[in-house]
Amino acid sequence: MDYVTITDHDSIEGCLQIGDRPRTFISEQVTTYFPNDACKLHILVWGISEKQHGQIDAVRENIFELQRYLQSAQIAHAVAHPLYSINGKLDSRHVELLILLFKHFEGINGLRRHCSNS
């Protein structure tokens, strides 16, 4: 591998533990929600700083605020497993909103069933 990162859920601790090694960078899998119905989603973010992690944590509860921050800070990001319903609330309305909000989507997730991958 040319580069290594760890995308823990809502944490960068693993990245910080390997950060002294060459060609590593900080990333995480951010848990967020649609505010009107608490539909839970995960957004992958890559190449962030510790300060950006704190700013992400401050807005992560609301997917609209999170998306605005990621876009304005020009942080590389994508929707993780976009067709997998984490808390049973994901429906076609959410998927349509995701398509409008985000440009990038995880295509294959090795932990999910084939039908949940896009």
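Relevant structure appears above.
Thresholds applied
- Residues numbered from 1 in each chain as written.
- Predicted model: local features only at pLDDT ≥ 70, side-chain atom pairs only at ≥ 80, totals over all residues.
- Heavy atoms only, no water.
- Buried < 20%, exposed > 50% of the residue type's maximum accessible area, 1.4 Å probe, protein only.
- Helix = DSSP H or I, 4+ residues; strand = E, 2+ residues; numbered from the N terminus.
- Pairing = 2+ DSSP bridges.
- Salt bridge = Lys/Arg side-chain N within 4 Å of Asp/Glu carboxyl O.
- Phe/Tyr/Trp six-rings, centres within 6.5 Å; stacked < 30°, edge-to-face > 60°.
- Axes fitted to C-alpha atoms, helices over the stretch in contact; angles between N-to-C directions.
- Contact = heavy atoms within 4.5 Å.

Here the focus is the pairing of strand β1 (residues 27-34). Of all the eight residues making up β1, seven are buried; the element is thus mostly covered by neighbouring parts of the structure. With eight bridges joining them, β1 and strand β2 (residues 39-46) adopt antiparallel strand pairing. Bridging from a neighbouring strand, Thr 31 pairs with His 42 of β2. Connecting the antiparallel pair β1 and β2 is a turn made up of four residues, with Ala 38 showing a positive phi of about 60°.

For the rest of this paragraph, the subject is unusual backbone geometry. The backbone of Asp 10 sits at a positive phi, close to 55°, despite the residue not being glycine. Within the secondary structure, Asp 10 sits in the segment before α1 (13-18). Given a relative accessible area of 23%, Asp 10 falls into the partly exposed group. Non-glycine residue Arg 23 carries a positive phi angle of around 55°. With respect to the helices and strands, Arg 23 occurs in the loop between α1 and β1. On the basis of relative accessibility, which here comes to 51%, the residue Arg 23 falls in the exposed class.

On to the pattern of salt bridges, then. Evaluation of the coordinates by the stated rule reveals five salt bridges. A salt bridge links Arg 21 to Asp 20; the nearest nitrogen and oxygen atoms lie 3.9 Å apart. Classification of Arg 21 as partly exposed rests on a relative accessible area of 49%. Accessibility expressed as a relative area gives 68% for Asp 20, which makes it exposed. A salt bridge links Glu 61 to Arg 60, with the nearest nitrogen and oxygen atoms 3.6 Å apart. Exposure remark for Glu 61: the relative accessible area of 47% places this residue in the partly exposed category. Within the structure, one salt-bridge network assembled from shared partners comprises Asp 10, Asp 57, Arg 60 and Glu 61.

Per the stated rule, a full pass over the model turns up one aromatic pair. Measuring from ring centre to ring centre gives 5.7 Å for Phe 34 and Phe 64, while their planes differ by 75°; the resulting arrangement is edge-to-face. Here the residue Phe 34 occupies a position in strand β1, and Phe 64 occupies one in helix α3 (residues 63-72), the gap between them amounting to 30 residues. When its relative accessible area of 27% is taken as the criterion, Phe 64 is described as partly exposed.

Moving on, we come to the sheet that holds β1. An order of β1-β2-β3 is seen for the three strands of this open sheet, with the pairing classed as antiparallel. The open sheet has two edge strands with one neighbour each: β1 and β3 (76-79). This sheet shows a mean twist of 30° between the axes of neighbouring strands, independent of strand direction. For β2 and β3, the ladder comprises four bridges, and the chain directions are antiparallel. Residue pairing for β3: Leu 44 is matched across the bridge by Ala 78. In the packing of helix α4 (residues 92-101) onto the sheet, the strands contacted are β1, β2 and β3, and the crossing angle to β1 comes to about 130°.

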